[in-house]
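Below are the chains, spelled out letter by letter.
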Amino acid sequence: MRTFKKFSLFAAALTLVFSAFTSCKSDDDPEVIVEDGFYVTGDATGGSTLSVNYRMASGLNEVTKEKRSGMYEKYVALESNKDFTLLLKEGTVETKYSAVLEEFNTNGENDQPTVTLLKGTLISGTAAEIAPMKVTTSGLYHIVLDLNVDGDLANPLIVVAPVEWGIRGVNGDWGWKKMKASDFNRTTMTWDTTIATTSASTFKFAYGGGWKIQLDDAGLVKANTNLGVDMIQGGSDIDMPKGTDIKLTLTWTLAGGDLSKSYAMSLTGDIIIEDPSTFVVGFSGNAFGSNTTPPSEWGDPSGATLAVYDAANSSITNEATKAGTYVYNISNLTMDASKEFKVRYNGAWIGVGGIATMDGETFTGTDNFIVGETTTYSNVKFEVAWNGSKATAIKVIFTKI
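Below: a short report on this structure.

1. A closer look at the packing of aromatic side chains
Inference 1: On inspection of all chains with the given rule, the structure shows 26 aromatic pairs.
Inference 2: Ring centres of Phe203 and Phe205 lie 5.2 Å apart, and the angle between their planes is 80 degrees; this geometry places the pair in the edge-to-face category. Grouping residues by exposure puts Phe203 and Phe205 together as buried.
Inference 3: Pairing Phe283 with Phe288 gives two aromatic rings, centres 5.8 Å apart and planes at 15 degrees, and the pair type is stacked.
Inference 4: Owing to a relative accessible area of 1%, Phe288 belongs among the buried residues under this scheme.
Inference 5: Connected via pairs of aromatic rings, a cluster forms that spans Phe283, Phe288, Phe341, Phe363, Phe369, Tyr377, Phe382 and Phe398.
Inference 6: For Lys119, the ring lying beneath its charged end belongs to Phe104, and the centroid distance is 5.2 Å.

2. Here's the deal with the sheet that holds strand β15 (residues 180–181)
Inference 1: Strand order across the open sheet formed by 4 strands is β15-β16-β22-β23, with antiparallel pairing between neighbours. Taken across any chain shown, the strands that pair with only one partner, and hence form the sheet edges, are β15 and β23 (263–272).
Inference 2: The pairing of strand β22 (residues 242–253) with β23 spans 10 bridges and is classified as antiparallel. From the neighbouring strand, Thr251 faces β23, where its bridge partner is Ala264.

3. What about the environment of Glu383?
Inference 1: In this fold, Glu383 is placed in strand β32 (residues 375–386).
Inference 2: Taking the C-alpha atoms as reference points, Glu383 and Ile394, separated by 11 residues in sequence, lie 5.7 Å from one another.

4. Details of the nonpolar core
Inference 1: Counting residues in hydrophobic clusters, the biggest one holds 61 residues, and the most contacted among them are Phe84, Leu86, Trp165, Phe205 and Tyr263.
Inference 2: Broken down by element, this core gets its largest block of residues, 6 residues, from strand β5 (residues 66–78).
Inference 3: In this view, Tyr263 contacts Tyr75, Leu140, Trp165, Leu227, Met231, Leu250, Thr251 and Trp252; residues no more than four positions away in its chain are not counted.
Inference 4: By size, the runner-up hydrophobic cluster in this structure holds 29 residues, among which are Phe288, Ala307, Val343 and Val384.

5. A closer look at the sheet that holds strand β9 (residues 116–121)
Inference 1: The 6 strands lie next to each other as β4-β5-β11-β12-β9-β8, forming an open sheet whose pairing is antiparallel. Each end of this open sheet is capped by a strand with a single partner; those strands are β4 (57–61) and β8 (102–105). Adjacent strand axes in the sheet meet at a mean angle of 35 degrees when their direction is disregarded.
Inference 2: Note that β8 and β9 share 4 bridges and pair antiparallel. Across the sheet, Glu103 pairs through a bridge with Leu118, a residue of β9.

Definitions and cut-offs
- Residues numbered from 1 in each chain as written.
- Predicted model: local features only at pLDDT ≥ 70, side-chain atom pairs only at ≥ 80, totals over all residues.
- Heavy atoms only, no water.
- Phe/Tyr/Trp six-rings, centres within 6.5 Å; stacked < 30°, edge-to-face > 60°.
- Buried < 20%, exposed > 50% of the residue type's maximum accessible area, 1.4 Å probe, protein only.
- Lys NZ or Arg CZ within 6 Å of the ring centre and 35° of its normal.
- Pairing = 2+ DSSP bridges.
- Helix = DSSP H or I, 4+ residues; strand = E, 2+ residues; numbered from the N terminus.
- Core = buried A, V, L, I, M, F, W, Y, C linked by side-chain atoms within 4.5 Å.
- Contact = heavy atoms within 4.5 Å.
- Axes fitted to C-alpha atoms, helices over the stretch in contact; angles between N-to-C directions.

Listed below in structure tokens is the structure:
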């Protein structure tokens, strides 16, 4: 069975070399531009002429994280039972592309969305030779086409995926939760949900409960089906603040070019601004038994391992969000040889490979930090970069006696 993967709309420029273009601008349609590239056309889109808003972006192969030659994509609203085709404009030459679309269900395999996709082998020709495509349900669709320039696919391919946006990652839950969609509209639609967060976290938007669509049997070509920071498909996780009754809204607007021009998000409601000066900071582990006031090993930092906030050396750059650099100190701390520990920050457990870096001392380990020789430090300083919702970097500076 052939499977397909989501791909990224985040590409900004087509792989074709653009020729100089002329504008065919009228009072009725100020967005009409005659420019080289791939377009989605037809009555299903509501557009009667070529427009910059219907031009496709070059696709990003999720496997290589690079733009793929001959791969294009677009999120576009399609009305049911009306015709649409693809058009490649190269100077004065216009070539139509279409396919006989067949239903295919990924069954959620290989992190794909659990949706019924439409797919088919691309064919090209003049407008008179090409039969148009249709969808049976009006909605937003993710169109991915691949001309198979590199020969990775069995044939040139088109995938048309219905888009139902949801969220993954809030409160540490990376399952998929569907958002409520607005009514069908050719130029703008929204999805929203109201959530409560027990602490600051990160999340992504994803449609259909998956991460990507696989275009070939070997898994060499995949397309992202998720939105990260700056609304880029496959981008890094988005920060989610702590709060109650937070309304999260994702808005799609018809636009050409970068994905950031088509998507925007907003957060409103009771957002709780946390104050890092009150956070519990320090160490947890079994490496601190030699101290006068040893902690309860793997419990929260206490006694000798609890750091004290240093207001004089901290710098708050945004009073509204509490973003800035925060400093905390531990004095006269002994670490025991061959024992283990983790850095703690506001409930987070941070080990080897995390955001904490060590200065003035070297530790081994693959998860917990492992102490070498027993050593006493006159001071251990924690310098934490806080962006208003989470720590983005923690530097731990050890000063030996």
